Amino acid sequence: LIPAIANPPVAYAVDAADDSALVFAVRAMDAGLQVHASDKPFTHKERALARGSLLVRRHENDVEDFDRLVMDAARAAGVKLLDLHTGRAPDDGPDLGGGHFQLLTRPRVAIVGNSPTSSDTFGHLWHYLDTRLGLVHTILDAQSLSRYDLRRYNVLILPPGAGSVVSEHEDALETWVRSGGTLVACG
């Protein structure tokens, strides 16, 4: 149980200089929080935060345990949480309420496995998603890709060796990408 905070911050930030920020984003979104990513570097108390750093604003997350949820996500990710008590930038960088912070969409990830993809690389990708990020994902069989409704996913990962999968399903994949899907082709 976290005691009431006397002067609660208007937002929390996590520097994206480390991949652990991705783990924080996953944990925070799993907790139902709205998370934004910066499209420019910004400054907090004379500390520069990298482009892609994360911001969780109090006013957009009207939940009873806001501070606890953010702190739990940070602890699970092993990141340093910065508490921001003003939305104004201390320099000519972006203010926290400006248009340089894009709301992240919760990823619905599918990874394609089975022949002809590289089983070794598939294993590495699967391990990263499952163990490192703790990201819920679905494994799709490359040999049955036409049977899946890709609209259920907003990210599709193709390990090396999936070139024939792409050429065999080119029209469906192109339509899916044009509809907003993100295709990550490795190799």
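Note that this is a predicted model, so its numbers are computed, not measured.

Spatially, β6-β1-β5-β2-β7 is the arrangement adopted by the five strands of the open sheet, whose pairing is antiparallel. The sheet is open, and its two edges are formed by β6 (82–84) and β7 (101–103), each paired on a single side. Direction aside, the axes of adjacent strands within the sheet are offset by 30° on average. Two strands pair when backbone bridges link them, and strand β1 (residues 11–14) and strand β5 (residues 54–57) are joined in this way by four bridges, in the antiparallel orientation. When the sheet's bridge partners are listed, Val14 is paired in β5 with Leu54. Here helix α1 (residues 20–30) sits on the sheet in contact with β1 and β5, set at roughly 30° to β5. The strands touched by helix α2 (residues 66–77) within the sheet are β1 and β5, with β1 carrying the most contacts at an inclination of about 5°.

Soluble globular proteins tend to pack their nonpolar side chains together in the buried interior. Judged by nonpolar contacts, the single largest core of 29 residues is most densely connected at Phe24, Leu33, Leu54, Val56, Val70 and Leu129. Broken down by secondary-structure element, the contributors of at least two residues to this core are β1, α1, β5, α2, β8 (109–113), α3 (119–133) and β10 (155–158). Counting residues per element, this core draws most heavily on α1, at seven residues. If we ignore the near neighbours within four places in the chain, the residues touching Leu54 are Tyr12, Ala13, Val14, Ala21, Phe24, Ala25, Val35, His36, Ala37 and Leu104. The next biggest cluster of nonpolar side chains, apart from the first, holds 13 residues, and it includes Leu150, Leu158, Ala162 and Val165.

Conventions adopted
- Residues numbered from 1 in each chain as written.
- Predicted model: local features only at pLDDT ≥ 70, side-chain atom pairs only at ≥ 80, totals over all residues.
- Heavy atoms only, no water.
- Pairing = 2+ DSSP bridges.
- Helix = DSSP H or I, 4+ residues; strand = E, 2+ residues; numbered from the N terminus.
- Axes fitted to C-alpha atoms, helices over the stretch in contact; angles between N-to-C directions.
- Contact = heavy atoms within 4.5 Å.
- Core = buried A, V, L, I, M, F, W, Y, C linked by side-chain atoms within 4.5 Å.
- Buried < 20%, exposed > 50% of the residue type's maximum accessible area, 1.4 Å probe, protein only.

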